[in-house]
Amino acid sequence: MKLPEDTRWGALSPARLQALAGQMTASRFKIESRAMNKAEWVASGGVPTGELDPSSMESRLRKGLHMAGEMLDIDGIPGGYNMHAAWASAWIAGTAIAAACRE
């Protein structure tokens, strides 16, 4: 399915969205390299995870302050695990912030 580059998600019909999702999940890509320049960077240090409530990523020292991703003292090989830690911690923090806003 070919869509104009300026197409907005909200303008697509449910059938077109379903077709696009099917096309995207059926796509296959060959990975030839980890990076164009064959180098990765790792951030080291950050807020100790023990200073955070893991159920909300909220600081135990400053109520209302949530942290995620590269702000945390989590080190590892660049790629999947670090990316998962960033996304998961951001989801936890965002969900907790949204819940607090509803209260």
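This one's a predicted model, so the numbers in the text were calculated from it and none came from an experiment.

Rules and cut-offs
Residues numbered from 1 in each chain as written. Predicted model: local features only at pLDDT ≥ 70, side-chain atom pairs only at ≥ 80, totals over all residues. Heavy atoms only, no water. Helix = DSSP H or I, 4+ residues; strand = E, 2+ residues; numbered from the N terminus. Areas by Shrake-Rupley, 256 points an atom, 1.4 Å probe, with all protein chains shown as cover. Patch = residues over 30% accessible without salt bridge, like charges linked within 9 Å, V, L, I, M, F, W, Y side chains within 5 Å. Salt bridge = Lys/Arg side-chain N within 4 Å of Asp/Glu carboxyl O. Expected span 1.5 Å × (residues − 1). Buried < 20%, exposed > 50% of the residue type's maximum accessible area, 1.4 Å probe, protein only. pLDDT = per-residue confidence, 0-100.

Asker: Help me understand the overall build of the protein chain, please; the structure alone is not making it clear to me.
Answerer: Helix and strand counts for the protein chain stand at 2 helices and 2 strands. Ordered by position from the N terminus, the helices and strands of the protein chain form the series α-β-β-α. Of the accessible surface of the protein chain, which amounts to about 8,500 Å², a share of 60% is contributed by carbon and sulfur atoms.

Asker: What am I meant to see in a nonpolar patch on the surface here?
Answerer: On the surface, Trp9, Leu17 and Met24 cluster together to form a nonpolar patch covering roughly 350 Å² of accessible area. Mapping Trp9 onto the fold places it in the segment before helix H1 (14-26).

Asker: Would you mind showing me how to read helix H2 (residues 80-102) here?
Answerer: Within an α-helix, residues lying three or four positions from one another point in the same direction, as the helix has 3.6 residues per turn. With 23 residues, H2 should cover 33 Å at 1.5 Å per step; its first-to-last C-alpha distance of 33 Å lies within 8% of that length. Residues Asn82, Ser89, Ala93 and Ala96 constitute the buried set of H2.

Asker: It is not clear to me how the confidence of the model for the protein chain should be interpreted in this structure. Could you clarify?
Answerer: Any residue range with low pLDDT should be treated as having predicted coordinates unsuitable for detailed reading. When pLDDT is averaged along the protein chain, the result is 85; 87% of the residues meet or exceed 70. Within the protein chain, H1 has the poorest average pLDDT of any element, 89, and strand E1 (residues 52-53) the best, 97.

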